[in-house]
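Okay, here's what each chain looks like letter by letter:
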Amino acid sequence: MTTEPLVRLDGVMVHFGGVKAVDGVTFTLERGSLCGVVGPNGSGKTTLINAMSGISPATGGRIEFLGSDTTRSSPFALARLGLRRTFQSIRLLPELDVLANVALGADSGGGQYDGLLRPRRSRTNERRTREQALAALDRVGLVHLARHRPTDLPYGHQRMIEIARAVVSEPEVLLLDEPVAGMSGEERRQVADLLISLRADGMTQMLVEHDLGLVTRICDHLVALDHGQVIADGDPLTVMNDSSVREAYLGPQHTSA
Ligand SMILES: Nc1ncnc2c1ncn2[C@@H]1O[C@H](COP(=O)(O)OP(=O)(O)OP(=O)(O)O)[C@@H](O)[C@H]1O
């Protein structure tokens, strides 16, 4: 039995005037896989995540999610379909505690006026959201910090809290933009273990990351970009040994050995 890819990118372009940040990118995210996207600085990785999450829509090509055309879908529509993402920079709200920050990512099924209109249902939603947020924090090993302010915590913890917020609603697909940037070796290992366990639960993930050792170790599939284009696509070792990938990272003088 063959299963349809969860996400299909077909000739995706994001051009900013004359800047071809993403220029004809085609690949698929298979259901339940952990796909790494690598490439030197400025190769278009974040712009690609922004297009897939509706933040900076594609200017050409097609993006399909669960068989639907989502090329021009808003971030909210994509979130409702089950797509979540993390950002390169930390975006936690300093005035809320850790639990409330994580709860913001939950899908309570009620709008912001739900409490006024249907108080009983709202209380049920609130309880469920709180339980989901606690479970997500437990999953990243930080449930004991639920009542702390995120700004009082070390950087690595703040990044983990962002991942907890992204996974609290158990999304179909999670897009991660450099989740281990600035983390220690031990913290990187914890993130790697978390992503592996999310995959074991069936969550499809796309990981943009500069830590090539980490992506090679944990991803099933790698896509390498350069100048907004796919230069290699396949299993991690093959992609990392590809001469055009080595040249993109190291320059042509390092690729002949
Ligand atoms: N809003 C924008 N307007 C114009 N150019 C942009 C815009 N956003 C990105 N770019 C350009 O698009 C190219 C790709 O940028 P992008 O941030 O996607 O690369 P990246 O691979 O994520 O880089 P890094 O690894 O440094 O995060 C760069 O040349 C960048 O300057």
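Residues numbered from 1 in each chain as written. Predicted model: local features only at pLDDT ≥ 70, side-chain atom pairs only at ≥ 80, totals over all residues. Heavy atoms only, no water.

As annotated in an unreviewed UniProt entry, the protein carries the name ABC transporter ATP-binding protein and comes from Aeromicrobium chenweiae.

Counting its secondary structure elements, the protein contains 10 helices and 10 strands. In terms of overall size, the protein behaves like a compact globule, its C-alpha atoms giving a radius of gyration of 19 Å where 257 residues would be expected to give roughly 18 Å. Oriented by its inertia axes, the alpha-carbon framework of the protein measures out at about 65 × 45 × 40 Å. In the protein, the proportion of contacts linking residues at least 24 apart, taken out of those at least 6 apart, comes to 64%. Seen as two clouds, the 27 positive and the 31 negative side-chain charges of the protein have centres 8 Å apart. (Helix = DSSP H or I, 4+ residues; strand = E, 2+ residues; numbered from the N terminus. Rg over C-alpha atoms; globule rule 2.2 N^0.38 Å. Contact = heavy atoms within 4.5 Å. Lys, Arg positive; Asp, Glu negative; His and termini not counted. Charge placed at Lys NZ, Arg CZ, Asp CG, Glu CD.)

Of all hydrophobic cores here, the largest spans 43 residues; its most connected members are Val 102, Leu 137, Met 160, Leu 195, Leu 207 and Ile 218. Contacts of Met 160, omitting those with residues within four sequence positions, involve Val 140, Leu 142, Met 183, Gln 190, Val 191 and Leu 194. Listed in part, the 26 residues of the second largest apolar core include Leu 9, Leu 29, Leu 83 and Val 173. (Core = buried A, V, L, I, M, F, W, Y, C linked by side-chain atoms within 4.5 Å. Buried < 20%, exposed > 50% of the residue type's maximum accessible area, 1.4 Å probe, protein only.)

All right, on to the site of the ligand then. In the vicinity of the ligand lie 14 residues, with Asn 41, Gly 42, Lys 45, Thr 47 and His 210 positioned nearest. Contact distances for the ligand include 3.0 Å between an oxygen atom and a backbone N or O atom of Ser 43. For the ligand, whose free accessible area comes to 630 Å², the fraction covered by protein is 61%. Among the elements of the structure, β2 (19-29) and α1 (45-52) are those that each provide at least two residues to the shell around the ligand. Among the elements that take part in the shell around the ligand, α1 stands out by supplying 3 residues, more than any other. (Near = heavy atom within 4 Å. Polar contact = N/O pair within 3.5 Å; in protein donor to acceptor, adjacent residues only side chain to side chain. Areas by Shrake-Rupley, 256 points an atom, 1.4 Å probe, with all protein chains shown as cover.)

Within the structure shown, the criterion is met by 0 aromatic pairs. The ring of Phe 87 is capped by Arg 85, whose NZ or CZ atom sits 3.9 Å from the centre of that ring. The positively charged end of Arg 91 is found above the aromatic ring belonging to Phe 87, 3.8 Å away from the centroid. (Phe/Tyr/Trp six-rings, centres within 6.5 Å; stacked < 30°, edge-to-face > 60°. Lys NZ or Arg CZ within 6 Å of the ring centre and 35° of its normal.)

Here helix α7 (residues 185-200) spans 23 Å end to end across 16 residues, near enough to the 22 Å set by a 1.5 Å rise per residue. If you check which residues of α7 are buried, you get Val 191, Ala 192, Leu 194, Leu 195 and Leu 198. Buried residues of α7, viewed axially, fall in a sector of 160°; they line one side. Set apart from the buried face of α7 by more than 90 degrees, the exposed residues are Asp 193 and Ala 200. (Expected span 1.5 Å × (residues − 1). Arc of directions from axis to C-beta.)

This paragraph deals with the environment of Glu 170. Positionally, Glu 170 belongs in the loop between α6 (155-167) and β7 (173-177). On a C-alpha basis, the gap between Glu 170 and Gly 82 in space is 8.0 Å, while along the polypeptide they are 88 residues apart.

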